[in-house]
Amino acid sequence: MGEASLRKRTEEERAAQNNVPKKTTDLQKEVGLLSGVCIIVGTIIGSGIFISPKSVLSNTEAVGPCLVIWAACGVLATLGALCYAELGTMITKSGAEYPYLMEAFGPIPAYLFSWTSMIVMKPSSFAIICLSFSEYVCAAFYPGCQPPTVVVKCLAAAAIWLITIVNALSVRLGSYVQNVFTAAKLVIVAVIIISGIVFLAQGNTKNFENSFSGTQTSVGAISLAFYNGLWAYDGWNQLNYITEELRNPYRNLPLAIIVGIPLVMVCYILMNIAYFTVMTPTELLQSQAVAVTFGDRVLYPASWVVPLFVAFSTIGAANGTCFTAGRLIYVAGREGHMLKVLSYVSVRRLTPAPALIFYGLITTIYIIPGDINSLVNYFSFASWLFYGMTILGLIVMRFTKKDLERPIKVPLAVPVLVVLLSVFLVLAPIIGQPEWEYLYCALFILSGLIFYLLFVHYKFSWAQKISRPVTMHLQMLMEVVPPEKDPE
């Protein structure tokens, strides 16, 4: 009764004020091709390529194979994204892996993915990005010394909530912010690349001579180099989280992938080449912030623009992460795998406000402890576990769901190759450096089964009695209602 009258009153107000046809209370298709490309590019390119692109070099120990690994990782990310393009145009639901696992294997793998992503993987990554932004900004005000931890964490919390509020206010505003920050980071990328080309033209090619000598050829070192390179490309699946909000997803989803990921790959390779025109491999490995060192040597006295634009790049990656991750929570709530209120939509803003605010709260908790980098490192193998399962689902559905329409169909060899590489990437860090923490992560993922049985499968009555009044009060407080379907 309450939600129906609230929806009716708000729609009448909107129609009376704007004198336009009423929209359904659901997420609107407001993300075009440009915004789609910006979400992919803006989320993948964070602070890593500017601050510490040395993780690949430290494992290969030579310039030539380092550049080869960056290119190979870009190709693998592109192949994975093409598989996701087939899935996204076949199953046009938001949430990326979640609806694909649901369709291929049923609710339990989908629930375990949403459980792991929403409680650990997504919010901890968002927290780290915001902490990186905060450290970079605070460093400008504390020259020569370490900024106070409290100041860094308070600024990170402010960044988290500013981004959350922006995305809760308007889908269009969130995508506009993403476009602006992506443009800003591409400016500094272009500055670094052009500077590198100039230095190459001047004959600074010493670091590229005998560039394959001293290469580390062990399987363990190469696998770790791949692992670190692919971590830098993480985010290639971001557009699949917002498929329902894409205009013409059958065209724009694959096109944004084909434009966005190769663009990132070219930027990464050319930026590494630019760094090597100015720094030796040893100097690059010793630098705390590679782009800043590059700026000090090449752009002085205007070197201050580098940390400024790196801060823009970081906040842009955080915005893209928030924009897409909120949709996973929204879809999981809609399927009954989370509190129902998390699937509700703001009647005034037409955004998944409860899901975004929940995401902001979980992320804020993660900035309180001292170090969460190790947590992300241990759970990162889970990312490729779920990527591999999802693309395995694509192969399975080729045989079990033959009737589904496939506007895009990649050759079967592509998903098979990506699945095999996913298995390698999951097992490599565990076999190469086995630690108890990997077992704890696996146990955490499986512990989601307890919550699934209690709250989803059996739906205990006492849980329903608690959740109903909570949902009702939150609904009235936030002016949110269950999403309507557009009558077509």
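Predicted model, so just to flag it, every value in this text is computed and none were measured.

1. Some thoughts on the overall build of the protein
Consideration 1: On a plain count of helices and strands, the protein comes out with 19 helices and two strands.
Consideration 2: Taking 488 residues into account, the globule formula puts the C-alpha radius of gyration at 23 Å, and the protein, at 23 Å, falls close to it.
Consideration 3: Referenced to the eigenvectors of the C-alpha coordinate spread, the extents of the protein come out at roughly 75 × 50 × 45 Å.
Consideration 4: Here the protein holds 488 residues, and the buried ones make up 54% of them.
Consideration 5: If you sum the accessible surface of the protein, you get close to 21400 Å²; carbon and sulfur atoms cover 67% of it.

2. Description of the state of the cysteines
Consideration 1: As enumerated under the stated definition, the model contains zero disulfides in all.
Consideration 2: We note that Cys38 lacks a disulfide partner, and the nearest cysteine sulfur, in Cys267, lies 12 Å from it.
Consideration 3: The structure places no disulfide on Cys73, whose sulfur is separated from the nearest cysteine sulfur, that of Cys66, by 9.9 Å.

3. Topic: the packing of aromatic side chains
Consideration 1: The full count for this structure, using the stated rule, is 19 aromatic pairs.
Consideration 2: Ring plane angle 85° and centroid distance 6.1 Å describe the contact between Tyr84 and Tyr100, whose orientation is recorded as edge-to-face. With a gap of 16 residues between them, Tyr84 in helix α5 (residues 63-90) and Tyr100 in helix α6 (residues 97-105) connect regions that are remote in the sequence.
Consideration 3: For Tyr84, a relative accessible area of 0% gives the class buried.
Consideration 4: Under the relative-accessibility criterion, Tyr100 is labelled buried at 1%.
Consideration 5: Between the aromatic rings of Tyr84 and Trp236, the centroid separation amounts to 5.0 Å while the plane-to-plane angle is 80°, which identifies the pairing as edge-to-face. With Tyr84 in helix α5 and Trp236 in the loop between α10 (219-232) and α11 (249-278), the pair connects residues that are 152 residues apart, well separated along the chain. Residues Tyr84 and Trp236 agree in their burial class; the two are buried.

4. As for the confidence of the model for the protein
Consideration 1: On average, the protein scores 85 in pLDDT, and the residues at 70 or more come to 91%.
Consideration 2: The lowest-confidence element of the protein is helix α1 (residues 2-18), averaging 54 in pLDDT; the highest-confidence one is α6, averaging 94.

5. A look at a nonpolar patch on the surface
Consideration 1: Together, Ile450, Phe451, Leu453, Phe455, Tyr458, Phe460, Trp462, Ile466, Val470, Leu474 and Leu477 line one region of the surface with nonpolar side chains, adding up to about 1100 Å² of accessible area.
Consideration 2: Residue contributions to the nonpolar patch peak at five residues, all from helix α19 (residues 461-478).
Consideration 3: Tracing the sequence through the fold places Phe451 in helix α18 (residues 436-457).
Consideration 4: Of the residues examined, Phe451 reaches a relative accessible area of 35% and is grouped as partly exposed.

6. Brief notes about the pattern of salt bridges
Consideration 1: The tally for this structure, following the rule as stated, stands at seven salt bridges.
Consideration 2: Residues Arg327 and Glu245 are paired through a salt bridge, measuring 2.7 Å at the closest nitrogen-oxygen approach. Note that Arg327 is positioned in helix α14 (residues 305-334) and Glu245 in the loop between α10 and α11, a separation of 82 residues in sequence.
Consideration 3: We classify Arg327 as buried; its relative accessible area is 0%.
Consideration 4: Judged by its relative accessible area of 0%, Glu245 is buried.

The rules behind the values
- Residues numbered from 1 in each chain as written.
- Predicted model: local features only at pLDDT ≥ 70, side-chain atom pairs only at ≥ 80, totals over all residues.
- Heavy atoms only, no water.
- Helix = DSSP H or I, 4+ residues; strand = E, 2+ residues; numbered from the N terminus.
- Rg over C-alpha atoms; globule rule 2.2 N^0.38 Å.
- Buried < 20%, exposed > 50% of the residue type's maximum accessible area, 1.4 Å probe, protein only.
- Areas by Shrake-Rupley, 256 points an atom, 1.4 Å probe, with all protein chains shown as cover.
- Disulfide = S-S within 2.5 Å.
- Phe/Tyr/Trp six-rings, centres within 6.5 Å; stacked < 30°, edge-to-face > 60°.
- pLDDT = per-residue confidence, 0-100.
- Patch = residues over 30% accessible without salt bridge, like charges linked within 9 Å, V, L, I, M, F, W, Y side chains within 5 Å.
- Salt bridge = Lys/Arg side-chain N within 4 Å of Asp/Glu carboxyl O.

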